[in-house]
Amino acid sequence: MAELPSALALGQSLRNHTCSARELTESFLAEIDRREPELHAFLTVSREEALAAADDADRRLAAGEPLSPLDGVPFAVKDNLCTKNVRTTCASRALEHFVPPYDATAVSRLRAAGCVMLGKTNLDEFAMGCDTGSSAFGPTRHPLDPARVPGGSSGGSAAAVASWEAPLALGSDTGGSVRQPAALCGVVGLRPTYGRISRSGLTGFAPSFDQVGLLARTPADCAALLALTAGFDPLDATSARRPAESFADQLEAGVRGLRIALLQEGLDEAGPAVRRSTERAAACLESLGARVEPLSLPFLREMLPAYHILTAAEASSNLARFDGVRYGLRAPGAGWRESIRESRSAGFGMEVKRRILLGTFVLEKEQRDACFSRAQRLRRRTAADLREALGRFDLVLLPTAPETAWRWEEERDPLALYRSDLFTVPAAIAGLPAVSVPFGEENGLPIGVQFMGRAWEEALLLRAARTLLQEV
Amino acid sequence: MSAAERQLRGDGPQSPRRMEETARRANLRLNAHEREVFRAEFGNVLHFLASLQETEDGPARVLPPCLRADEARPSLSQEEALRCAPAAVDGFFALPEQEGGEEDG
């Protein structure tokens, strides 16, 4: 990966007129044509639109009026973010032919910065999964080994960036859906603080957890992408009123003097190779001047069932909107009630139905206290514990995923798949930012380690990620 | 076995009757394969979910009102909104007529 230029370097080449935005876009489209038959990272390639946007960028660049450091640089978009006049399927039969009449705010902000959208990437259906295996249109393959999973649910975005089909990609992270595939594919994946990037136009799975996330090859690219997408949006009631930030000013400042917690449960629950990489990362940070100390979060294992109860409950309510009335698949039925039921039954796949059923069940009156309310209390407690820990430490270091990319042929039951979120759920439960950075490998497969930080301190996360990556 | 698990296992959604009832509430119709798979795995999934221990976190906090006032803002035109609809008549979303009233809640 190191020999490939970063997205920021591509932007500089465009401003230097070393190449044109059209040439750059055509080269990425050619790479998509070459890799897609095996990879299947994209569900839709918006070729003509991309070339038209590139031509617009070339006119601005020729006039010396770029809109941003990434003007003319291509990007890919997870297919659960709405794109005006480009179909948005959520990898579901229910939305196979849905063409939104508006852009998600994150997408419109990148377009306004001159970035060129290449197309829409594959995901687990409605972002429910961790390997793209629940996509109704077939899975994405790992860029280094097609027999293996790319992770998920933003597996298409991670695979596209890792294979250089796109230099940048948008994803979404409910419980780890950006960071886990970033780790498995060997790229940088950032989940910003809840409220940092508008969720307007992101198809909700569990809205109190969902965040638009970013995938790139370098922390500096991630910082640039965050600067363009972050900021208050009146279309999202949970969007935060924060002042504009660069996120890149401190990237080179190193880690000297930082207090970093090494999560003990993270080491205990990880596979041997992931554990070794995490310990090596801790040693590396210490050698660079950080103070690394152990931290225990006894509730780590319990966060996982709490997360699945709460997200299933939110999903069961949230996905009630997909009824084939206003948009999406409509199946015939004797009367409108049956038509709605048939539409949902024909449109949703197994994993989505599984979570809707679980969510409906845990919200029933008899189960509410035993499951839902208890999970809510654990969420509050966990968030308080993490806030307390991050009062004593600047960052928490932990693995991103317990293991490297597994083989498709290893059939896994839902619980085994749910456990792959173990290390990514804590930040999601507390609404905190976290970044996965590639550090180490096992048999040629990437390993990611993760930094979790205080709310609104993405710049510090990216600075630590940058420092660590320089040591690889 | 925790109280939550006992409660869940007593008549959990893996029982045919409860699964049908839950599916009906979720506006889903399960085929034979789905019923079989879900019945086989829901016991384990519920065991996993019920592993959650009770947590004391103090009294619930009352948050100050934080909702903004409703106000009309520019949005999609009626034509744009209807363009995605599977069926529309005279500017409205169209659905098959329900015979026999609207029961079946």
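A short tour of the structure in this document, coming up.

How each quantity is defined
- Residues numbered from 1 in each chain as written.
- Chains lettered and ligands numbered in written order.
- Predicted model: local features only at pLDDT ≥ 70, side-chain atom pairs only at ≥ 80, totals over all residues.
- Heavy atoms only, no water.
- Helix = DSSP H or I, 4+ residues; strand = E, 2+ residues; numbered from the N terminus.
- Buried < 20%, exposed > 50% of the residue type's maximum accessible area, 1.4 Å probe, protein only.
- Contact = heavy atoms within 4.5 Å.
- Areas by Shrake-Rupley, 256 points an atom, 1.4 Å probe, with all protein chains shown as cover.
- Buried area = accessible area lost by both parts, 1.4 Å probe.
- Salt bridge = Lys/Arg side-chain N within 4 Å of Asp/Glu carboxyl O.
- Polar contact = N/O pair within 3.5 Å; in protein donor to acceptor, adjacent residues only side chain to side chain.
- Nonpolar A, V, L, I, M, F, W, Y, C, P; charged D, E, K, R; others polar.
- Core = buried A, V, L, I, M, F, W, Y, C linked by side-chain atoms within 4.5 Å.
- Pairing = 2+ DSSP bridges.
- Axes fitted to C-alpha atoms, helices over the stretch in contact; angles between N-to-C directions.
- Parallel < 35°, antiparallel > 145°, perpendicular 65-115°, else oblique.
- Left-handed = near helix turned anticlockwise from the far one by under 90°.

## Considerations on the overall build of chain B
And step 1. For chain B, the helix and strand inventory stands at 4 helices and 2 strands.
And step 2. What you see in chain B, going N to C, is helices and strands ordered as α-α-α-α-β-β.
And step 3. Counting every position in chain B, which comprises 105 residues, the buried fraction comes to 27%.
And step 4. For chain B, restricting intrachain contacts to residue pairs at least 6 apart in sequence, the fraction spanning at least 24 positions comes to 39%.
And step 5. Accessible surface for chain B amounts to roughly 7,400 Å². Of this, 52% is attributable to carbon and sulfur atoms.

## Remarks on helix α4 (residues 105–112) of chain A
Count 3.6 residues to each turn of an α-helix, and residues three or four apart come out pointing the same way.
And step 1. Of all the positions in α4(A), only A:Thr105, A:Ala106, A:Val107 and A:Leu110 are classed as buried.
And step 2. Taken together, the buried residues of α4(A) touch β2 (74–78), β4 (168–173), β6 (211–216) and α7 (219–229) of chain A.

## Some thoughts on the interface of chain B and chain A
And step 1. Taken residue by residue, the interface counts 51 residues in chain B and 53 residues in chain A.
And step 2. Between chain B and chain A, the buried area comes to about 5,000 Å², and carbon and sulfur atoms account for 63% of it.
And step 3. On the chain B side of the interface with chain A, the three residues burying the most area are B:Arg29, B:Phe48 and B:Leu52, jointly 14% of the side's total.
And step 4. Between chain B and chain A we count 5 salt bridges in total.
And step 5. Our count for the contact surface shared by chain B and chain A stands at 14 residue pairs in polar contact (both at pLDDT 80 or more).
And step 6. When residues of the side of chain B that touches chain A are traced back to their parent elements, those giving at least two are α1 (3–10), α2 (16–25) and α3 (32–49) of chain B.
And step 7. In terms of residue count, α3(B) provides more of the side of chain B that touches chain A than any other element does, 11 residues in total.
And step 8. Along the lines of polarity and charge, the residues of the side of chain B that touches chain A split into 25 nonpolar, 10 polar and 16 charged.

## A closer look at the nonpolar core
And step 1. Membership of the largest hydrophobic core comes to 87 residues, with the highest contact counts inside it found for A:Leu170, A:Leu285, A:Leu397, A:Phe451 and A:Leu468.
And step 2. Sequence-distant contacts of A:Leu397, that is, excluding residues within four places in its chain, are made with A:Ile260, A:Ala261, A:Leu262, A:Leu263, A:Thr278, A:Ala281, A:Ala282, A:Leu285, A:Val449, A:Gln450 and A:Phe451.

## Thoughts on the pairing of strand β9 (residues 395–399) of chain A
Two faces make up the sheet, and in a regular strand the side chains alternate between them.
Residues and elements named next belong to chain A.
And step 1. Among the 5 residues in β9, 5 count as buried, and that is most of the element.
And step 2. Where strand β7 (residues 259–263) and β9 come together, 3 bridges link them in parallel fashion. Each bridged residue has a counterpart across the sheet, and for Ile 260 the counterpart in β9 is Leu 395.
And step 3. In the sheet, β9 pairs with strand β11 (residues 445–453) via 5 bridges, with the strands oriented antiparallel. Its bridge partner being in β11, Leu 398 is matched across the sheet by Gln 450.

## Comments concerning the pattern of salt bridges
And step 1. Under the definition given, this model contains 41 salt bridges over all chains.
And step 2. The closest approach of N and O atoms between A:Arg59 and A:Asp56, which form a salt bridge, is 2.4 Å. You can see A:Arg59 and its partner A:Asp56 sitting in helix α3 (residues 47–62), 3 residues apart, about one turn around the helix.
And step 3. A salt bridge links A:Asp103 to A:Arg111; its shortest N-O distance comes to 2.8 Å.
And step 4. Judged by relative accessible area, which is 19%, A:Asp103 ranks as buried.
And step 5. Accessibility expressed as a relative area gives 25% for A:Arg111, which makes it partly exposed.
And step 6. Here the residues in one salt-bridge network are A:Glu364, B:Arg18, B:Glu21, B:Arg24 and B:Arg25, joined through shared partners.

## Remarks on the packing of α2(B) against α3(B)
Residues and elements named next belong to chain B.
And step 1. Packing of α2 against α3 leaves a shortest axis separation of 11 Å and a crossing angle of 115 degrees. As summarised for this structure, α2 and α3 are arranged roughly perpendicular, according to the angle between their axes. Along this stretch, α2 crosses α3, giving a crossing that reads as right-handed. Taking contact as the criterion, the partners of Pro 16, Met 19 and Glu 20 in α2 are, on α3, Arg 35, Phe 38, Arg 39 and Phe 42.
And step 2. When the residues that make up the contact of α2 with α3 are grouped by side-chain class, the tally is 4 nonpolar, no polar and 3 charged.

## Quick look at the side chain of A:Ser68
Residues and elements named next belong to chain A.
And step 1. Note that Ser 68 resides in the loop between α3 and β2.
And step 2. At 2.7 Å, the side chain of Ser 68 forms a polar contact with the backbone oxygen of Ala 113.
And step 3. Excluding residues within four positions of it along the chain, Ser 68 makes contact with Arg 15, Ala 113 and Leu 228.

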